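# An overview of the molecular structure
Read off the chains here:
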Amino acid sequence: MPGKDVITTLNEFLKGQYMGIHAYEHYIQRLEDPEIKRTFQHIQQEHKQHALQVAERIQNLGGTSVDNEGMFGSIQGYIGKFMIPTEQNKIIDSALKGESYYGIELSEEMVKGDLDQESKQLIESILDKDREHVSLLASLIH
């Protein structure tokens, strides 16, 4: 059975998913274009689904999953809420940077080497979906 390190790593990854969900909530509130808003809602729904999958994996490993982004993520989200741009292209660019840096780069670094095979496959499939999000967001910039 995988050790406590796996559960800790998965919980850190899960906190990142919650940060993404909340960031998209703020973006969606500022978007006016209904098509782009729907795209952001779709991405947010996928992050919610990923959070559920990771939480379920943690539980299956005998751990307790976190249910929010943690204190640091909460403070960062609160401050970030006031820094979200109001122009559509800047909102898209902000989401694109967040998805590629926090969603992919930091997550890849966070999960290196600390996961069992099943958890690793789950995280890799989530990161593949995040890469699709990056491509989709990039296609929205005019």
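Data block above holds the structure.
Read on for a plain summary of the structure. (Residues numbered from 1 in each chain as written. Predicted model: local features only at pLDDT ≥ 70, side-chain atom pairs only at ≥ 80, totals over all residues. Heavy atoms only, no water.)

Take the environment of A23 next. Here A23 lies in helix 1 (residues 4-30). The class of A23 is partly exposed, set by a relative accessible area of 25%. The spacing of A23 and A95 is 72 residues in sequence and 8.1 Å in space, taken between C-alpha atoms. (Helix = DSSP H or I, 4+ residues; strand = E, 2+ residues; numbered from the N terminus. Buried < 20%, exposed > 50% of the residue type's maximum accessible area, 1.4 Å probe, protein only.)

Another point: the pattern of salt bridges. The tally for this structure, following the rule as stated, stands at 11 salt bridges. As a salt-bridge pair, K129 and E46 come within 3.6 Å of each other at their nearest N and O atoms. Linking K129 in helix 5 (residues 117-140) with E46 in helix 2 (residues 34-60), this pair joins segments that are 83 residues apart in sequence. K129 gets classed as partly exposed once you look at its relative accessible area, which sits at 26%. The partner of K129 in a salt bridge is E132, with the nearest N and O atoms 3.0 Å apart. Remark: E132 and K129 occur in helix 5; sequence separation between them is three residues, near one turn of the helix. On the accessibility criterion, E132 (46% relative accessible area) is partly exposed. What emerges from the salt-bridge pattern is a single network uniting E46, K129 and E132. (Salt bridge = Lys/Arg side-chain N within 4 Å of Asp/Glu carboxyl O.)

A few words now on the packing of helix 4 (residues 88-111) against helix 5. Between helix 4 and helix 5, whose axes approach to 9 Å, the crossing angle comes to 160°. With respect to helix 5, the element helix 4 is oriented roughly antiparallel. In terms of crossing hand, the pair formed by helix 4 and helix 5 is left-handed. Listed contacts from helix 5 to N89, I92, A95, L96, E99, S100, G103, I104, S107, E108 and V111 of helix 4 are I123, L127, D130, R131, H133, V134, L137, A138 and L140. Class assignment of the residues belonging to the contact of helix 4 with helix 5 gives a composition of 11 nonpolar, five polar and four charged. (Axes fitted to C-alpha atoms, helices over the stretch in contact; angles between N-to-C directions. Parallel < 35°, antiparallel > 145°, perpendicular 65-115°, else oblique. Left-handed = near helix turned anticlockwise from the far one by under 90°. Contact = heavy atoms within 4.5 Å. Nonpolar A, V, L, I, M, F, W, Y, C, P; charged D, E, K, R; others polar.)

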